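Structural features, examined
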Amino acid sequence: VKATVEKQLNQLHLKSKFNLLAELFDLAEEDKQKFVDHVALQNNLGERELVRILYRHRSRHMVPQIFLDELPDTDEAQFARATVPRICKLFGQFRECKIPTHLSNNFTQNARNADVVSYREENGHYLFLLHQAEHVVLQLLRTMPVGCEIVQQLPVFLRTLSLPTSEAYKKLDQFRVLGLNVRNIRKVNEYVEIEITLWHELLPKLQLQDFQIRHMKLVSKCSSGLEEGAFPISLRETVFYAESFEHDLVKLPRGFAEHAVALLPNLFAPPPMIPSGSDATLLSACFSHLNNVDLETLRGKTWSPEGCKELFALCHGIRKDEHSVRVMVMAHTRIICESKRYTINGNVVELPPPTSYVSMGQSDSGPRLRSTELTVTNLDTLTAAEKTRQAFKHGRILVLNMANRQSPGGRVNQTDLAAMTDDAQGPGFKAHDVPVLLLGTLGHCYKITIIKN
């Protein structure tokens, strides 16, 4: 009886240890009991076997040291402090990969020496932990076998200045259900730096406020993963990284730029940031309102047109960020006007002195339009254009829409701008042609200004 009781007590004590292990690796309640019952029956399991079982139960891949430091001084806690770092170290030697279930035999045949520690099936794919995954993918790239559609998770490097270590970890760990895994987290000077891995198609969907990313570009081109500095995530897609967090440009091999797109989360704080022409830093000023911009931090910075285009593309459809980009441009323009010069493409351009002026809307022979007739009508655009066409049958009509359904009105006088540009007398237009200028509003009617010769 004594021996039986001691055996049962030891079993309960062992289950208590593994129950704490399951909590630290954040297993779901239904998986936690299965894990504890499984491992408690098999005493002296090695770390590799524990990794295999934990992965099948969708565990974390890494537990930060701060979580272990917060444990009370118990036998279970001592067991966790000794076991968890070894499990995390072994997890770090593997990369999560996936392949469609119906193509798994192709991978087995073409990567016969691949070391797979564990796998599970999800949504028509086998997800598995692969040792030296990057080396395996490189070997497959050299032979390009048919039907071997393996994809490995992408390493992404983040850092934060505003969050403590535990909060940064918890904020990222909440995306584990989507396939994001935290692999390493550490304090470097004033920053908390984190390495995560995830499926690359997930990254643009994430909302990662408070984090700065080490810039990346995704190249979709066969065999690009064989280039120096490349990280192949599949046999067709490769990622290139910026040199560090301080570099905003990614250097690509020659001929790859047309196949590359920026790979960034959906939102950063503070977004967006002005690109520095020194290719070394991104300014951390937030451009929510022009009055809040510290212009002194922008002085002496050269302008990057390509960086600005990327920001506009990145913020497309996000009204708050689109506004921030425009404020950024406005702030930079104000500095240019004050300094009376700017640098672009390595060339310094001097602005004319304030006493000079440029005559717009006129040619050397005098005014282009001898007379201008303005008509305001309570009509929509197409009706106004149709009526104008009927009245002037021998001329062509230009309809210029300066309305904006998101931001009605505007900050400039559209009529003056149109009169000072060549829109009204574009190539191919003759004296009897009739441009129609629309200044639309959001009301039930539109203001139609007709400028005719």
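Residues numbered from 1 in each chain as written. Predicted model: local features only at pLDDT ≥ 70, side-chain atom pairs only at ≥ 80, totals over all residues. Heavy atoms only, no water.

In the nomenclature of an unreviewed UniProt entry, the chain corresponds to Microbial-type PARG catalytic domain-containing protein from the organism Durusdinium trenchii.

**Here's the deal with the overall build of the chain**
Note the threshold: Only DSSP runs of H or I reaching four residues or more are called helices, and only runs of E reaching two or more are called strands; each is numbered from the N terminus. Contacts were defined at the residue level, with two residues in contact if any of their heavy atoms lie within 4.5 Å. Throughout, the Shrake-Rupley method with a 1.4 Å probe supplies accessible areas, and for residues the shown protein chains are the sole cover considered.
Per the secondary structure count, the chain includes 12 helices and 20 strands. Sequence-distant contacts, at least 24 apart, represent 69% of the contacts inside the chain between residues at least 6 apart. Carbon and sulfur atoms provide 51% of the accessible area of the chain, an area that totals close to 26,000 Å².

**Quick look at unusual backbone geometry**
Rules: Exposure categories follow from relative accessible area, calculated using a 1.4 Å probe and restricted to protein chains: below 20% of the type maximum is buried, above 50% is exposed, and the middle band is partly exposed.
Phi is positive for D26, close to 55°, though the residue is something other than glycine. Tracing the backbone through its elements, the reader meets D26 in the loop between α1 (2-24) and α2 (29-41). Accessibility expressed as a relative area gives 33% for D26, which makes it partly exposed. Positive phi outside glycine occurs at M144, with the angle close to 50°. On the secondary structure map, M144 appears in the loop between α7 (133-143) and β4 (151-152). Relative accessible area serves as the criterion here: at 32%, M144 is assigned to the partly exposed category.

**Section: the side chain of S118**
Short version of the rule: Identification of polar contacts relies on pairs of N or O atoms within 3.5 Å, with a donor-acceptor requirement for protein atoms, meaning one able to donate a hydrogen and the other able to accept it, and with residues adjacent in sequence counted only if both atoms are side-chain atoms.
Within the element layout of this structure, S118 appears in strand β2 (residues 116-122). Within the structure, the side chain of S118 is placed 2.9 Å from the backbone oxygen of R52, a separation counted as a polar contact. Not counting residues up to four positions away in its chain, the partners in contact with S118 are R52, Y55, R56, L127, F128 and L129.

**Observations regarding a nonpolar patch on the surface**
Just so we agree on the cut-off: Like-charged residues within 9 Å of one another, or nonpolar side chains (Val, Leu, Ile, Met, Phe, Trp, Tyr) within 5 Å, are grouped into patches, provided each residue has over 30% relative accessible area and no salt bridge. Just to be clear on terms, a salt bridge is a Lys or Arg side-chain nitrogen sitting within 4 Å of an Asp or Glu carboxyl oxygen.
Taken together, V1, V5, L9 and L12 make up a surface patch of nonpolar side chains, about 430 Å² in accessible area. Here L12 is to be found in helix α1. The class of L12 is exposed, set by a relative accessible area of 55%.

**So, the sheet that holds strand β12 (residues 260-262)**
Keep this limit in mind: A strand pair is defined by DSSP finding two or more bridges across the two strands. For every element, the axis is a line fit to its C-alpha atoms; helices are fit only across the contacting stretch, and the angle between N-to-C directions ranges from 0 to 180 degrees.
As summarised here, the arrangement of the four strands in space is β10-β11-β9-β12, forming an open sheet in which the pairing is antiparallel. Bordering the open sheet on either side are β10 (230-232) and β12, each of which pairs with just one other strand. Direction aside, neighbouring strands of the sheet carry axes that sit 30° apart on average. Bridge analysis of β10 against strand β11 (residues 237-241) gives three bridges, and the strand direction is antiparallel. For P232, the partnering residue across the bridge sits in β11 and is T238.

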